[in-house]
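# Chain and residue survey
Residue strings, one per chain:
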Amino acid sequence: MSDRLAVLLQYLLPKQALTALAGKFAGARAGGLTTAVIRWFVGRYGVNMAEAANPDIASYASFNDFFTRPLKPDARPLAAADFICPVDGAISQFGVIDGDRIFQAKGHDYSTAALVGGDAALAARFENGSFATLYLSPKDYHRIHMPCAGRLLRMIHVPGDLFSVNPVTARGVTGLFARNERVVCVFEGEWGLFAMVLVGATIVGSMATVWHGVVNPPRPGHLREWGYENRQLVFRQGEEMGRFLLGSTVVVMFPKSTLEFSAGWAPQRPIRLGENMGARAA
């Protein structure tokens, strides 16, 4: 199937209904059927169960339990770096934010204000800053961790579409990551503000954070925000902060002159949680 046709089909599909249905199935405890689906999924996508804290496929009561499985304690050692990669997956894009524009793919970009739900003051904090767009494929570990230590300030749930976030769609849908449903988490770190944006996608049943639990559903169709400035919700580098129930993308943003990416980073390169993402900019 051509890229153009694959993207066109997504405009026609009932994405919200498919996502709701997938969410119900993923949370169902269907005994042997659940085990059979998990076993098929592991074989189809080459999931490495040897690194899971619990490698027994038959012991998972629901697909969600399997999909958000923890890893063995030593499976992802943390690099001695100022900033570490927060997920397993692949680098979609990364680099410098051009004013307020984030590069998505050839011919496509989007604004930081659109990404964070229209908050111009928040978006201005990242003008000419740095970003990384990290894609989690079905086989990947789907918990999200902290790239550096930080204190939680805000969380914003932004309603939106539910296009796929795979590379084909990123090349074909304008403003994809600022168009899909997303959860924006804003932190204050040692070197200033940073944001982690969890982007939803087709059949992503929900996104969750460790301090809130499941953020969506519900999907009320309007922006929701929670403030945490009066609470001391502090997370260490490498500590879990959230997870996807079915896979998607994380966009990380830092202010200008904060992050200098590791020389080993390149678009489409596979990445693993804990590896060196970069150092404090000189």
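Right, let's walk through the structure included here.

Scoring rules and cut-offs
Residues numbered from 1 in each chain as written. Predicted model: local features only at pLDDT ≥ 70, side-chain atom pairs only at ≥ 80, totals over all residues. Heavy atoms only, no water. Helix = DSSP H or I, 4+ residues; strand = E, 2+ residues; numbered from the N terminus. Polar contact = N/O pair within 3.5 Å; in protein donor to acceptor, adjacent residues only side chain to side chain. Phe/Tyr/Trp six-rings, centres within 6.5 Å; stacked < 30°, edge-to-face > 60°. Buried < 20%, exposed > 50% of the residue type's maximum accessible area, 1.4 Å probe, protein only. Pairing = 2+ DSSP bridges. Salt bridge = Lys/Arg side-chain N within 4 Å of Asp/Glu carboxyl O. Axes fitted to C-alpha atoms, helices over the stretch in contact; angles between N-to-C directions. Contact = heavy atoms within 4.5 Å.

## A word on the side chain of S62
By the element assignment, S62 lies in the loop between α3 (32-45) and α4 (63-67). A polar side-chain atom of S62 sits 3.1 Å from the main-chain amide nitrogen of D65.

## Describing the packing of aromatic side chains
Remark: the centre distance and the inter-plane angle together describe each pair of aromatic rings, the angle taken between the planes. Throughout the structure, instances matching the rule amount to 19 aromatic pairs. Taken together, a centroid distance of 6.1 Å and an interplanar angle of 75 degrees make the contact between F41 and F67 edge-to-face. Placement of F41 in helix α3 and of F67 in helix α4 is noted, with a sequence separation of 26 residues between them. An identical accessibility class is assigned to F41 and F67; each is buried. Between F83 and F254, the aromatic rings sit 5.0 Å apart at their centres with planes inclined by 70 degrees, giving edge-to-face as the arrangement.

## Points about the sheet that holds strand β1 (residues 83-84)
One open sheet accounts for three strands, arranged β1-β18-β16; its pairing is antiparallel. This sheet does not close on itself; its edge strands, each paired only once, are β1 and β16 (259-261). In this sheet, strand β18 (residues 276-280) lies alongside β16 in antiparallel orientation, the contact comprising three bridges. Across the sheet, the residue bridging to F261 is G278, located in β18.

## A look at the pattern of salt bridges
Think of it this way: side chains of opposite charge can pair up when their charged atoms draw near. Counted by the stated rule, this structure contains ten salt bridges. We note a salt bridge from D109 to R101, for which the minimum N-O separation is 2.9 Å. Using a relative accessible area of 34% as the deciding quantity, one classes D109 as partly exposed. Between R154 and D119 there is a salt bridge whose closest N-O contact spans 2.8 Å.

## A few points about unusual backbone geometry
At S257, a position not held by glycine, the phi torsion is positive, near 60 degrees. Its place among the elements puts S257 in the loop between β15 (249-254) and β16. For S257, a relative accessible area of 49% gives the class partly exposed. Unlike most non-glycine residues, Q268 shows phi in positive territory, near 75 degrees. In this fold, Q268 is placed in the loop between β16 and β17 (270-271).

## Thoughts on the sheet that holds strand β11 (residues 213-216)
Read across the sheet, four strands follow the order β6-β14-β10-β11 without closing on themselves; strand pairing throughout is antiparallel. If you trace the sheet from one side to the other, it starts and ends with β6 (143-145) and β11, each paired once. Ignoring which end each strand starts from, the neighbouring axes of this sheet average 25 degrees apart.

## What about the side chain of T209?
Here T209 lies in strand β10 (residues 206-209). Given the relative accessible area of 4%, T209 is considered buried. Here H212 takes part through its backbone nitrogen, which lies 3.3 Å from a polar atom of the side chain of T209. Apart from residues no more than four positions distant in its own chain, T209 is found in contact with M155, C185, V215, M241 and G242.

## Some words on the pairing of strand β14 (residues 240-245)
The element β14 is largely enclosed, with a buried count of five among its six residues. When β6 meets β14, the two strands line up antiparallel, connected through three bridges. Across the sheet, residue R143 finds its bridge partner in β14, namely R243.

Shape is all these values report; function is a separate question.
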